[in-house]
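A closer look at the structure
Okay, here's what each chain looks like letter by letter:
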Amino acid sequence: MANNFLTTIRSLKLIEGCKAAQIYAFTAAGAGASTSGSGDGGGGSGGKQPPPPPPRSLSVRSGSLCYPHAPSTSGSFVPDSPLPFGLPVATALEPALDACLRPVDHVEELAASFRRMSSAEGEGEDLCDVFLEQLALFHALGDARLLRRTLRAARVHATDPHRRVVLAAWLRYERREDEFDPTPPPLAPCTTTTPLLECPRAAVFAGESPGVDPVCPCRRPPPPPPTPPAPRFSRSTSSAYQMGDEDGDEETNDLWFIIGEEEVACERSCIAALSKPLSTLLYGGFAEAQRDRIDFSRDGITPRGMRAVAAYSRHGRLDDFPPDTILEVLAFSNKFCCEGLKDACDNKLANMVSGVDDALSLIDLGLEEAAHLLVATCLQAFLRELPKSLSNPDVARLLCSPEGRERLDIAGNASFALYYFLSYVVMEEDIRSNTTVMLLERLCECAELPWQKQLALHQLGCVMLERGEFKDAQGWFEDAIAEGHMYSLAGVARAKYKRGHKYSAYKMMNSIMGDYEPAGWMYQERSLYCVGKEKMADLRIATELDPTLSYPYKYRAVALLEEDKIESAVEEISKVLAFKMATDCLELRAWFYLALEDYESAVRDVRAILTLDPSYMMFHGKMHGEQLIEILRMHVQEWDMADCWMQLYDRWSEVDDIGSLAVVQQMLTREPGNSSLRFRQSLLLLRLNCQKAAMRSLRFARNSSAHEHERLVYEGWILYDTGHREEALAKAEQSIKIQRSFEAFFLQAYALGDANLDTESALSVVQLLEQANSCASDNLRKGQAYNNMGSIYVDCDLLDEAAECYNIALNIKHTRAHQGLARVHYLKNRKKAAYGEMSELIKVAKNSASAYEKRSEYGEREEAKSDLNMATFLDPTRTYPYRYRAAVLMDENKEDEAIGELSQAIAFKADLQLLHLRAAFFDSMGDSASALRDCEAALCLDPTHGDTLELYSKASTKAEPQS
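It should be emphasised that the depicted structure is a prediction, and the values quoted were computed from it without experimental measurement. Every residue gets a number counted from 1 within its own chain, in the order that chain's sequence is written. Only residues with pLDDT of at least 70 are given local features in this predicted model, and only at 80 or more are side-chain atom pairs given and counted; all residues enter the totals for whole chains, interfaces and linings. Values reported for side chains reflect all heavy atoms of the structure, with hydrogen atoms and water molecules removed beforehand.

1. Remarks on the overall build of the chain
Only runs of H or I of at least four residues qualify as helices and only runs of E of at least two qualify as strands under DSSP, and these elements are numbered from the N terminus. Check the secondary structure of the chain and you find 48 helices and nine strands. With 963 residues in all, the chain has 57% of them scored as buried. Residue contacts follow a heavy-atom distance rule, with two residues in contact if any of their heavy atoms lie within 4.5 Å. Contacts in the chain between residues far apart in sequence, at least 24 positions, make up 62% of those at least 6 positions apart. Note on areas: Shrake-Rupley, 1.4 Å probe, and residue coverage restricted to the protein chains presented here. As displayed, the chain has an accessible area near 39800 Å², and 50% of this comes from carbon and sulfur atoms. Only protein chains enter the accessibility calculation, which uses a 1.4 Å probe. A residue is then buried if its area is under 20% of the maximum for its type, exposed if over 50%, and partly exposed in between.

2. Description of the pairing of strand β5 (residues 255–259)
Only one face of β5 is buried: it carries Leu255, Phe257 and Ile259, and the other face, with Trp256 and Ile258, is open. Note on pairing: DSSP must find at least two bridges between two strands before they are called paired. Of the pairings in the sheet, the one linking β5 to strand β6 (residues 262–266) comprises five bridges and is antiparallel in character. Each bridged residue has a counterpart across the sheet, and for Trp256 the counterpart in β6 is Ala265. Following β5, the chain reverses through two residues before pairing antiparallel with β6; Gly260 in that reversal takes a positive phi of roughly 65°. For β5 and strand β7 (residues 293–295), the ladder comprises three bridges, and the chain directions are parallel. Bridge pairing links Ile258 to Asp295 in β7.

3. Considerations on the confidence of the model for the chain
Confidence of the predictor in every single residue is expressed as pLDDT, which spans 0 to 100. With 86% of its residues at a pLDDT of 70 or more, the chain has an overall mean of 85. Overall, residues 228–249 carries pLDDT values under 50, and its contacts beyond four positions in sequence, including any with other chains, amount to 33 contacts.

4. Some thoughts on the nonpolar core
Residues belong to a common nonpolar core when they are buried Ala, Val, Leu, Ile, Met, Phe, Trp, Tyr or Cys residues joined through side-chain atoms within 4.5 Å. Counting 242 residues, the largest nonpolar core has Met306, Phe332, Leu383 and Phe592 as its most contacted members. Looking at this core element by element, the count peaks at eleven residues for helix α17 (residues 416–429). If we ignore the near neighbours within four places in the chain, the residues touching Leu383 are Val165, Val166, Ala169, Leu418, Phe421 and Leu422. Tyr714, Ala728, Cys775 and Ala809 belong to the second largest nonpolar core, which has 44 residues in total.

5. Some details on helix α18 (residues 434–446)
A rise of 1.5 Å per residue sets the reference length of α18, with its 13 residues, at 18 Å; its end C-alpha atoms lie 19 Å apart and thus fit the reference within 8%. For α18, the complete set of buried residues consists of Thr436, Val437, Leu439, Leu440, Arg442, Leu443 and Cys446. Taken together, the buried residues of α18 touch α15 (393–400), α16 (402–410), α17 and α19 (450–467). To estimate the expected span of a helix, count its residues, drop one, and scale the result by 1.5 Å.

6. Some words on the sheet that holds β5
Ordered in space as β6-β5-β7, the three strands form an open sheet in which the pairing is mixed. Either end of the sheet is taken by a strand with one partner, and the two such strands are β6 and β7. Each neighbouring strand pair of the sheet contributes to a mean axis angle of 25°, computed without reference to strand direction. Across the sheet, helix α10 (residues 303–315) is in contact with β5 and β6; its angle to β6 comes to roughly 5°. For helices, the fitted line uses only the C-alpha atoms of the stretch in contact; every axis is such a line through C-alpha atoms, and the angle between N-to-C directions lies from 0 to 180 degrees.

7. Observations regarding the pattern of salt bridges
Every case where a carboxyl oxygen of Asp or Glu lies within 4 Å of a side-chain nitrogen of Lys or Arg is listed as a salt bridge. Under the counting rule described, the total for this entry stands at 61 salt bridges. Note that Asp605 is salt-bridged to Arg589, the shortest N-O span being 2.7 Å. Separated by 16 residues along the polypeptide, Asp605 in helix α28 (residues 599–612) and Arg589 in helix α27 (residues 583–596) bring together distant segments of the chain. The buried category is assigned to Asp605, whose relative accessible area is 0%. With a closest N to O distance of 2.9 Å, Arg702 and Glu715 form a salt bridge. Here Glu715 lies in helix α34 (residues 708–721) and Arg702 lies in helix α33 (residues 691–703), a separation of 13 residues in the sequence.

8. A short note on the side chain of Asp923
Its location among the elements puts Asp923 in helix α46 (residues 912–924). Looking at Asp923, its side chain comes within polar contact range of the side chain of Lys958, at 3.4 Å. Setting aside chain neighbours within four positions, we find Asp923 in contact with Ala931, Leu951, Lys954, Ala955 and Lys958. Within 3.5 Å is the distance limit for a polar contact, defined as a pair of N or O atoms, with the added protein rule that one can donate a hydrogen and the other accept it, and that residues adjacent in sequence qualify only through two side-chain atoms.

9. Considering the side chain of Ser275
Along the polypeptide, Ser275 turns up in the loop between α8 (268–272) and α9 (276–283). Take Ser275: its relative accessible area is 8%, and that puts it in the buried class.

10. Quick notes on the packing of helix α44 (residues 880–891) against helix α45 (residues 895–906)
Close contact between α44 and α45 brings their axes to 7 Å; oriented N to C, the two are set at 170°. Comparing their axes, α45 and α44 come out roughly antiparallel. Together, Tyr882, Arg883, Arg885, Ala886, Leu889 and Met890 of α44 and Glu895, Glu897, Ala898, Glu901, Leu902, Gln904 and Ala905 of α45 make up the contact between the two elements. Of the residues in the contact of α44 with α45, the class split is seven nonpolar, one polar and five charged. In what follows, roughly perpendicular refers to angles from 65 to 115 degrees, roughly parallel to angles under 35, roughly antiparallel to angles over 145, and oblique to any angle outside these ranges. Under the scheme applied here, ten amino acids are nonpolar (Ala, Val, Leu, Ile, Met, Phe, Trp, Tyr, Cys and Pro), four are charged (Asp, Glu, Lys and Arg), and all others, including Gly, are polar.

11. Concerning α28
Here α28 spans 20 Å end to end across 14 residues, near enough to the 20 Å set by a 1.5 Å rise per residue. With twelve of 14 residues buried, α28 lies mostly within the body of the structure. Buried within α28 we find Tyr599, Ser601, Ala602, Val603, Asp605, Val606, Arg607, Ala608, Ile609, Leu610, Thr611 and Leu612.

12. What about the packing of α15 against α16?
At a minimum axis separation of 5 Å, α15 and α16 run at an interaxial angle of 75°. When the axis of α15 is compared with that of α16, the two are roughly perpendicular. Counting all contacts with α15, which are made through Arg397, Leu398, Leu399 and Cys400, the residues of α16 involved are Pro402, Gly404, Arg405 and Leu408.

13. Concerning the packing of aromatic side chains
Only Phe, Tyr and Trp rings are paired, with Trp represented by its six-membered ring, and only when their centres lie within 6.5 Å; those with planes under 30 degrees apart are stacked, over 60 edge-to-face, the remainder tilted. Under the definition given, this model contains 27 aromatic pairs. A centroid spacing of 6.1 Å and a plane angle of 35° characterise the contact between Phe679 and Trp717, whose relative ring orientation is tilted. With Phe679 in helix α32 (residues 675–687) and Trp717 in helix α34, the pair connects residues that are 38 residues apart, well separated along the chain. Phe679 sits in the buried class, given a relative accessible area of 2%. Judged by its relative accessible area of 6%, Trp717 is buried. An aromatic cluster is built from Trp170, Tyr173, Phe416, Tyr420, Phe421, Tyr424 and Trp451, whose rings are joined through pairwise contacts. Two limits define a charge over a ring: the Lys NZ or Arg CZ must be within 6 Å of the ring centre, and within 35 degrees of the ring normal. Its end group placed over the ring of Tyr553, Arg556 keeps NZ or CZ at 5.3 Å from the ring centre.

14. Quick notes on the environment of Pro103
The residue Pro103 is located in the loop between β2 (94–95) and α3 (106–122) in this model. Sequence separation between Pro103 and His485 is 382 residues, and the spatial gap between their C-alpha atoms is 7.0 Å. In this view, Pro103 contacts Glu109 and Leu137; residues no more than four positions away in its chain are not counted.

Laid out in structure tokens, this is it:
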């Protein structure tokens, strides 16, 4: 380019302006925070307040590129420049605090949680709160599957309708991307694939809960006809109740209630049987006991309501009465303490609630009359519409205000679980809002156990910090520390720093590092309060201790940018993108590419960002990604659809997942209704471990399908990915009956192959893949089919056939087939050829950490160690290299070094296999206490892991004599 944009930007002093701005810093929470790429994402308009759009979550793995509460830089905006808001500034970078429980020693805390769970099971205590505590602990680990499994366990062990309602709604909220219909009615009957734990009826009504009845109430056959009327009672001379003669269908009327000008006929014994007060009134020493007509005109019930009471007293049912009448009867039952009648009214009214409007019209009366099921059902309607329902002022008033919490508490529908869920949702939506503050205050009021107080107080501190209320934030963090949450010391330090007490913050972080085993986050936090070489040293150690932290990479990258070492800056930020798809890191790299005037690469990264989060706002939350692409259009080459397909082939064959995502996103801007492209997008997102974004794309593919057979295939994939294998197979078969297609046969083969198959069954899967390849498709998908066929042939020990399939796949540029062909060479005792085959993959693949790891299996020991070291360098989250190196050290009798190798990884990734192996090492060394601790931590992650259970039993036996 003729213009040097760096020179232009510096001359305009936009960098100085940028020091006072904030990039949109936070990404979606859940499983891995910034890796999920949720479509609800962080863009959006700036609203009425001057700060940029609020973040959706707090995670130390993402952070702002500039200070959050600085003046706007809108005055420096240059609309036609590829760098309209200048460049990022290193001194303005700041990591976010984790707004979750973060124990200083997470292994010991996991082990203690497992012991509490075992103790509660042994003593028959309530396990629901134990699993909720584990849920709070697991948020710091960022494993979406682990969080969902724990949430399901809490729902299974919830013993009351209120908590069942809350946890069922929470499960549904976490699964919202998996729904065919993204906005189903909140209390709609379950479909055939709705998990039983999410059923609205099973959550509310007794006897319709998992473990009590395994059949979803929504799919249960209709009930049998009503039973005959219950036996009536008559009064004996001793005033005791005795069963009267069952005289067929005839009803005896011996009592009339006068209401206004009407009389309601009743049977005295039946009315008396409703409650003790009514029995005393009608058979005690009152004057009414001697009367056959009693005036009820001033008792707040209408004739119709009294007829409903009479009908219930005779038959035990409330049939065909409108809601207003049932509400009258409910008030009557409370006035005269008719528990059975009240339960019937409560149940009847709860069944009448079908949505938010019904809930709004009934909840006040339910609260006034303490109708627990009715209130629970109304609450369920609100929770299943989150976050939308909180925009209704009546709902917000009930759920957010202290008075609302008190009213819910009286009706048995206020709990820590409720406000934990509500605060979780609103913190994702808008962490700075008043609604968030109010709900967290209610969470504090409901907190009783130490972990609950720690969580609520720490989250309030994080919210106040984001709102710029630093004095209040410091107070909340100090309260959390007093309850035992030491991570909140980082919050106190940050609040002091914001208030101008930088040295005090530095001393505080020094103190915690002296009192506890140093962790990556401690060095990262302390780096904020020092400068120069000391700062860089802290950041280096932070990365060594926890290479998953994004902030050190980002700071070093921007520091290199400021030194005009832009290529080095790109290289530094690319390190984290090699193993974590973080939108803020992608944005930063795109920024660097703009400074390099490498507009093609910048557009690629922006398109990848928009795939993860279609509403993402660039440059301090001031410009939508699509707008930036439009500005850059004149600087990049235009591709038509044919060019895009060629580019996609090239990137796919280079194992360039980010580049492939960008090409697909560009194709979708031209053909937004192309369901096939949406499907490919979902495959790429799954490969990048962006589960929520992948399910969103898959749902879009299903909803934009022009043909029934295509829609059935995409529905089948949604079902398969959510654990409904049989239903997925049925969808594939339906699709094939309508029209034979590659994707239908491929789905069928994939679902059938996901099982332990004998040779005959496995070869039938191969036949399905062959039928798939006989249908029209492109080579990208056919290459995958041939690769899968090769894998099946290897499992059947048909190595020549497998090699043929892999070679066909390679010939059509399916580069990953090198890995399968290497396995064939290895099984044929051609280890050197296998090593060479993996070397070919490494030469081509842009994402090669897994290839290095796989090649290590085919090299000599030193080659294997070199490959595994490279795999760890490229992707430090892969656990196999640590386990291999530890095993080698153990074989060499270097026990301490072996333990240290595993501990290095466990410090930032509490992985089941790592914990199990370290426990086995401790056991072999005779350290039973450490072995037990690691086994307990591993079993907290997976209580059913057989090898760990066996080792735990063995270590427990050894530990008993020692104790």
